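# Summary of the model geometry
In case you want the letters, here they are:
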Amino acid sequence: MDTYLRVDPTACSGHGLCAELLPERITLDEWGYPIISAEPISPALRAHARRAVTDCPALALLLERTG
Amino acid sequence: MSGITQSTALWYASRATGAVCLVLFTAVALLGILVNRQGRLPGLPRFAVTGLHRSLSLVAVVFLVIHVLTAIADSYVSIRLAAAIIPFTSSYEPVQIGLGAIALDLIAALIVTSLLRARIGRRLWRGVHWLAYAAFPVSVLHSVTSAADLRSGYLLGLTIACVLSVVAATGCRIVVARRAASTPLTVGGGFIDDRLLEKGATR
Amino acid sequence: MSNTAMMEFPGVTAPQGLPRLLGPGGADLPEHLRTHGPLPHQGALIEEIEAAGLTGRGGAGFPTAVKLAAVARQPGSKVAVGNGAESEPASHKDKQLLWLAPHLVLDGLQLAAAAVGARRACLYLHRHDQLRRRLTDALAERAAAGWDRVAVELVTAPPRFLAGEESALASRIGGGLARPRFKRPPVYERGAGGAPTLVQNVETLAHLALIARHGAPWFRQVGTAAEPGSVIVTAHRADGVTVVREVPAGLPLGGLLGRAPAQAVLVGGYHGTWIPVQQAARLPLANAALRPLGAAVGAGVLAALPPDRCGLAETARVLRYLAAESAGQCGPCLNGLPRIATAFAVLARPGADRRCLDDLERWAGLVTGRGACHHPDGTVRLVRSALAAFSAETGRHLRGRCAADPAAAPFLPVPGSGYAAPSARRDWR
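Everything quoted here is computed from the prediction, not taken from an experiment.

## Topic: the overall build of chain A
Across its full length, chain A carries two helices and four strands. Taken from the N to the C terminus, the helices and strands of chain A come in the order β-α-β-β-α-β. Computed over C-alpha atoms, the radius of gyration of chain A comes to 11 Å, within 12% of the 11 Å expected from 2.2 N^0.38 for 67 residues, which places it in the range of a compact globule. Across its three principal directions, the C-alpha atoms of chain A cover 30 × 20 × 20 Å. Taken over 67 residues, chain A has a buried fraction of 54%. Across chain A, every contact between residues at least 6 apart in sequence was considered, and the portion connecting residues at least 24 apart equals 57%. About 3,000 Å² of surface is accessible on chain A, with carbon and sulfur atoms providing 54% of the total.

If you want it as structure tokens, here you go:
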């Protein structure tokens, strides 16, 4: 059961906070939109990921558990 | 302390915290518009703008609660707790307190939905958050009608500065958003300049 | 497994060979009744569809039984939609099917609605007055005869490439704009108006209507074991003739494209794959053979490019259209597709700079998988396959030459003059 970070691309407007809050998994493309690595979010990063989800001004991020 | 002195202290506390609220909520509104426009504060990371907006709003709420409670506790004028929440039910200055009650209700809605935003979903949160543009003018009206000292001297200057800054920021937001919406974003519609094709440039 | 409790209707035999869907006898309800028999009321439809191995004919090729079961499992009242929008400019098979056999499609819609427990049914169509009148008349006949258990609503799709995308369709049917959405939750869980929604291409529904009458073994009499049944194909032959034909799955592509010489074949429409003709001619129309080449049967659109055209220029025209048809909701698509289209347009002119190739590759990597729908992915598939199939032409363009006939007319059907890129919300309604 792994946790993944996903972005709703229709909600995302490229604020870029997420890349500051979780640089281990998120980088910004040349237009300012997040590129989220496909790896699962390890327990160590989960608190940071949760903060990115809550702080996103567009509420575009979500954590989902699959597996 | 005698009854009158205690009342005076509470009265001053209420008016002072009211003035602080005006300044703080002005800052919160300006920061909110800055977040929406993806603006930056010099030297600070992007998450700081959002963080400041949120932190300041919670500080402002603390002052707001003190402002309301001291006004209720003050025995010189009779303002029941219910009158602070239900508009226009106060026996003392019903219109002025009523406006304050409306502002309080709106701000309560903003704060509660924002604390729960990850759980209530984007549409509901955003829908309620638009009420901020109603809460601010109602708060200002409440302030100006309730406090005579806001209508003269440097407090008047402060009030005008607060109102003007929010009006200007809102104006900027509308203008920029409208310009962005009218820019065609499709090929051949201006987003990709056909003249680029002549030069062979692709950036 | 296979439910053989089919109603036997005297005088009706299952079609032998082809055509099955595009044959005569479907024009009005009495003729349809004589040719195919009445609408069967069958209990175990989903099992029968599973045994038949029917897959979606709208492009994704998803197993129909799995989709039906997924929707049927959901709580509450469902919506069943027949997708006849056919937003691909190069595809004509759905319009043809709806014109020739509207009752087969509508039978399929009723059967699918019953199988999933839908109390609302819709048929989604582009604006086309004649076709709409045909369908309205067919629905009126069925209503008069009391054939339909669930009333069917005709919903108009805006003239957008993405209007037929599953979530865009669900949004439009729910009263909103025909724009795709992020697929959490999926459309089969929350679709039109928040209800679980079944979306099936009209050809899939027509096959379903025949399987319900004649059974899974009959369906498997044509096609291959892995990909059974017949497929309706829109073939743009190199001689300029466009043909809509119902063929068995697995038929070699060469047989579909006539004998006029061609340089490459576009398989799968504008989100499809260019394949050089020597390779393409021997390929069967089957995903088993096409997938290893990065291609798929899709909605059965094939186009054979004549040797005197420039494959890069044709692709550039298509890319310009695809970029303009972005819903503009997702940053990577909104930013990437116009840039890709421009870079390809530069490449399509002789004397192009090598830098366009680097830019194209970078942007292709940036947009793939980063939209709410597969529009960027399909566009990138077209770009990469064009660069591979037309690599010789690319080399010539970089050296300032082009082997094509400059006087030749554009080949692929892309909306041209009179086409206005969507710029307002009403363009998506």
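## Section: the sheet that holds strand 6 (residues 242-248) of chain C
All names here are of chain C. As summarised here, the arrangement of the five strands in space is 6-5-9-7-8, forming an open sheet in which the pairing is mixed. What marks the edges here is a single partner per strand, and that holds for strand 6 and strand 8 (273-276). Within this sheet the neighbouring strands show an average axis-to-axis angle of 25 degrees, counted without direction. Contacting strand 7 (264-267) and strand 8, helix 16 (residues 375-389) crosses the sheet at an angle of about 15 degrees to strand 8.

## Here's the deal with the packing of helix 14 (residues 331-347) of chain C against helix 16 of chain C
Residue and element names in this part refer to chain C. In the contact formed by helix 14 and helix 16, the axes pass within 11 Å of each other and the chain directions differ by 20 degrees. By the criterion of interaxial angle, the relationship of helix 14 to helix 16 is roughly parallel. The interaxial crossing formed by helix 14 with helix 16 has left-handed handedness. Between helix 14 and helix 16, the contacting residues are Cys333, Leu337, Ile340, Phe344 and Leu347 on the first element and His375, Pro376, Thr379, Val383, Ala386 and Leu387 on the second. In the contact of helix 14 with helix 16, the residues fall into nine nonpolar, two polar and no charged.

## Here's the deal with the confidence of the model for chain B
All names here are of chain B. Put simply, chain B has an average pLDDT of 87, and 87% of its residues get 70 or more. Within chain B, no element has a lower average pLDDT than helix 9 (residues 194-199), which sits at 45, and none a higher one than helix 2 (residues 46-73), at 96. Here residues 185-203 is modelled with pLDDT under 50, and outside its nearest four sequence neighbours on either side it reaches 45 contacts, counting other chains as well. Note on the complex model: pTM 0.91, ipTM 0.96.

## Describing the side chain of Gln110 of chain C
Mapped onto the elements, Gln110 of chain C comes out in helix 5 (residues 102-116). Every residue in contact with Gln110 of chain C, bar those within four places of it in the chain, is listed here: Leu39, Arg142, Asp148, Arg149, Val150 and Val152 of chain C.

## Observations concerning the nonpolar core
Nonpolar side chains in soluble globular proteins tend to end up buried together. All names here are of chain C. Counting residues in each nonpolar core, the largest one holds 59 residues, and the members touching the most others are Tyr270, Trp274, Phe344 and Leu347. For this core, the secondary structure elements donating two or more residues are strand 7, strand 9 (301-305), helix 13 (311-324), helix 14, helix 15 (355-367) and helix 16. Counting residues in each nonpolar core, the second largest holds 51 residues, with Ala118, Leu131, Ala209 and Phe219 among its members.

## With respect to the sheet that holds strand 4 (residues 197-201) of chain C
Sheets are built from strands that pair by backbone hydrogen bonding, the pairs being arranged parallel or antiparallel. All names here are of chain C. Within the open sheet, the four strands sit side by side as 3-2-1-4. Their pairing is parallel. Only two strands of the sheet have a single partner each, and these edge strands are strand 3 (152-157) and strand 4. Strand after strand, the sheet turns through a mean of 25 degrees between neighbouring axes, direction not considered. Bridge count between strand 1 (residues 78-84) and strand 2 (residues 118-126): seven bridges; the pairing is parallel. In the strand pairing of strand 2, Lys78 is matched with Ala118. Helix-sheet contacts for helix 5 involve strand 1, strand 2, strand 3 and strand 4, and the interaxial angle to strand 2 is about 145 degrees. Contacting strand 1, strand 2 and strand 4, helix 8 (residues 202-214) runs over the sheet at an angle of about 90 degrees to strand 4.

## Here's the deal with the pattern of salt bridges
Evaluation of the coordinates by the stated rule reveals 28 salt bridges over all chains. Its salt-bridge partner being Arg15 of chain B, residue Asp149 of chain B comes within 3.7 Å of it at the nearest N-O pair. Of this pair, Asp149 of chain B sits in the loop between helix 7 (132-146) and helix 8 (153-182) while Arg15 of chain B sits in helix 1 (residues 3-36), placing them 134 residues apart in sequence. Between Arg213 of chain C and Asp107 of chain C there is a salt bridge, and its shortest N-O distance comes to 2.7 Å. With Arg213 of chain C in helix 8 and Asp107 of chain C in helix 5, this residue pair connects regions lying 106 residues apart in the sequence. Accessibility assignment for this pair places Arg213 of chain C and Asp107 of chain C in one class, buried. One salt-bridge network, held together by shared partners, links Arg57, Lys93, Asp94 and Glu203 of chain C.

## Comments concerning the interface of chain A and chain C
Facing the 13 residues of chain A at the interface are 17 residues of chain C. Between chain A and chain C lies a buried interface of about 1,200 Å² when both sides are counted; carbon and sulfur atoms form 61% of it. On the chain A side of the interface with chain C, the three residues burying the most area are Pro9, Thr10 and Trp31 of chain A, jointly 50% of the side's total. Where chain A meets chain C, there are three salt bridges. With a closest N to O distance of 2.9 Å, Arg362 of chain C and Glu30 of chain A form a salt bridge. Applying the counting criterion to the chain A and chain C interface returns six residue pairs in polar contact (both at pLDDT 80 or more). Elements supplying a minimum of two residues to the side of chain A that touches chain C: strand 1 (2-7), strand 3 (34-36) and strand 4 (61-66) of chain A.

## Some thoughts on the packing of aromatic side chains
With the rule as written, the count across this model stands at four aromatic pairs over all chains. Summarising the aromatic geometry, the rings of Phe161 of chain C and Tyr321 of chain C are spaced 5.9 Å apart at their centres and angled 85 degrees between planes, so their arrangement reads as edge-to-face. A residue pair is termed long-range when its members are at least 10 positions apart, and Phe161 of chain C in the loop between strand 3 and helix 7 (166-173) and Tyr321 of chain C in helix 13 qualify at 160 residues. Tyr321 of chain C carries the same exposure label as Phe161 of chain C, and that label is buried. With a centroid separation of 5.0 Å and 70 degrees between ring planes, the pair formed by Trp274 of chain C and Phe390 of chain C is classed as edge-to-face. One end of the pair, Trp274 of chain C, is in strand 8; the other, Phe390 of chain C, is in the loop between helix 16 and helix 17 (391-398), with 116 residues separating them in the sequence. Given a relative accessible area of 4%, Trp274 of chain C falls into the buried group. Sitting over the ring of Phe47 of chain B, Arg51 of chain A keeps its end group 5.2 Å from the ring centre. When the ring centre of Trp99 of chain C is taken as origin, the NZ or CZ atom of Arg134 of chain C, which lies over that ring, is 4.2 Å away.

Conventions we followed
Residues numbered from 1 in each chain as written. Chains lettered and ligands numbered in written order. Predicted model: local features only at pLDDT ≥ 70, side-chain atom pairs only at ≥ 80, totals over all residues. Heavy atoms only, no water. Helix = DSSP H or I, 4+ residues; strand = E, 2+ residues; numbered from the N terminus. Rg over C-alpha atoms; globule rule 2.2 N^0.38 Å. Buried < 20%, exposed > 50% of the residue type's maximum accessible area, 1.4 Å probe, protein only. Contact = heavy atoms within 4.5 Å. Areas by Shrake-Rupley, 256 points an atom, 1.4 Å probe, with all protein chains shown as cover. Pairing = 2+ DSSP bridges. Axes fitted to C-alpha atoms, helices over the stretch in contact; angles between N-to-C directions. Parallel < 35°, antiparallel > 145°, perpendicular 65-115°, else oblique. Left-handed = near helix turned anticlockwise from the far one by under 90°. Nonpolar A, V, L, I, M, F, W, Y, C, P; charged D, E, K, R; others polar. pLDDT = per-residue confidence, 0-100. Core = buried A, V, L, I, M, F, W, Y, C linked by side-chain atoms within 4.5 Å. Salt bridge = Lys/Arg side-chain N within 4 Å of Asp/Glu carboxyl O. Buried area = accessible area lost by both parts, 1.4 Å probe. Polar contact = N/O pair within 3.5 Å; in protein donor to acceptor, adjacent residues only side chain to side chain. Phe/Tyr/Trp six-rings, centres within 6.5 Å; stacked < 30°, edge-to-face > 60°. Lys NZ or Arg CZ within 6 Å of the ring centre and 35° of its normal.

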